[in-house]
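Listed below are the residues making up each chain.
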Amino acid sequence: MRILDRIALILTIIGGLNWGLIGIFQFDLVAWIGGGQDGVLARIIYTLVALAAIWCISLLFRNKNYAD
């Protein structure tokens, strides 16, 4: 698995855990760390997670060549 794939998966997992916190506890960890939902740092994190999720879509359509 390429390093970019791993980074994308990690960011997507972080996003999923954050959504879980929002759904269960109504606590947005990213907003808390980034100074609110409108904070620059939070918006950067949200954008990186979204880009990682888009990248992970490509993982569904790749050939299963395990030699890479």
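Bear in mind that the values here come from a model prediction, so they are computed numbers and not experimental data.

Trainee: Residue-level account of the packing of aromatic side chains, with values.
Mentor: In the structure shown here, the tally under the stated rule is 1 aromatic pair. Considering the side-chain rings of F27 and W32, the 6.0 Å spacing of their centres and the 55 degrees angle between planes classify their relative orientation as tilted. With relative accessibility at 34%, the residue F27 sits in the partly exposed group. The class of W32 is exposed, set by a relative accessible area of 62%.

Trainee: Quick rundown of the pattern of salt bridges? Include the residues and the values.
Mentor: All chains considered together, the criterion is met by 1 salt bridge. Between D5 and R62 there is a salt bridge, with the nearest N and O atoms lying 2.6 Å from each other. With a gap of 57 residues between them, D5 in helix α1 (residues 3-25) and R62 in the segment after α3 (40-60) connect regions that are remote in the sequence. Residue class for D5 comes out buried when judged on its relative accessible area of 3%.

Trainee: Quick rundown of α1? Include the residues and the values.
Mentor: Note on helix geometry: an α-helix contains 3.6 residues per turn, so any two residues three or four positions apart are oriented the same way. For α1, spanning 23 residues, the distance from its first C-alpha to its last is 32 Å, which sits close to the expected 33 Å at 1.5 Å a residue. Structurally, α1 contributes buried residues whose contacts are with α2 (29-34) and α3. Note on α1: the residue one or two positions beyond its end, Q26, has a positive phi of about 55 degrees.

Trainee: Can you lay out α3 for me, pointing to particular residues and giving the numbers?
Mentor: With 21 residues, α3 ought to run about 30 Å at 1.5 Å a step, and its terminal C-alpha atoms sit 31 Å apart, in line with that. Taken together, the buried positions of α3 are A42, V49, A52 and C56. Axial view of α3: buried residues confined to an arc of 85 degrees, hence all on one face. Set apart from the buried face of α3 by more than 90 degrees, the exposed residues are V40, R43, L51 and I54. Against α1 and α2 lie the buried residues of α3.

Definitions and limits used
Residues numbered from 1 in each chain as written. Predicted model: local features only at pLDDT ≥ 70, side-chain atom pairs only at ≥ 80, totals over all residues. Heavy atoms only, no water. Phe/Tyr/Trp six-rings, centres within 6.5 Å; stacked < 30°, edge-to-face > 60°. Buried < 20%, exposed > 50% of the residue type's maximum accessible area, 1.4 Å probe, protein only. Salt bridge = Lys/Arg side-chain N within 4 Å of Asp/Glu carboxyl O. Helix = DSSP H or I, 4+ residues; strand = E, 2+ residues; numbered from the N terminus. Expected span 1.5 Å × (residues − 1). Contact = heavy atoms within 4.5 Å. Arc of directions from axis to C-beta.

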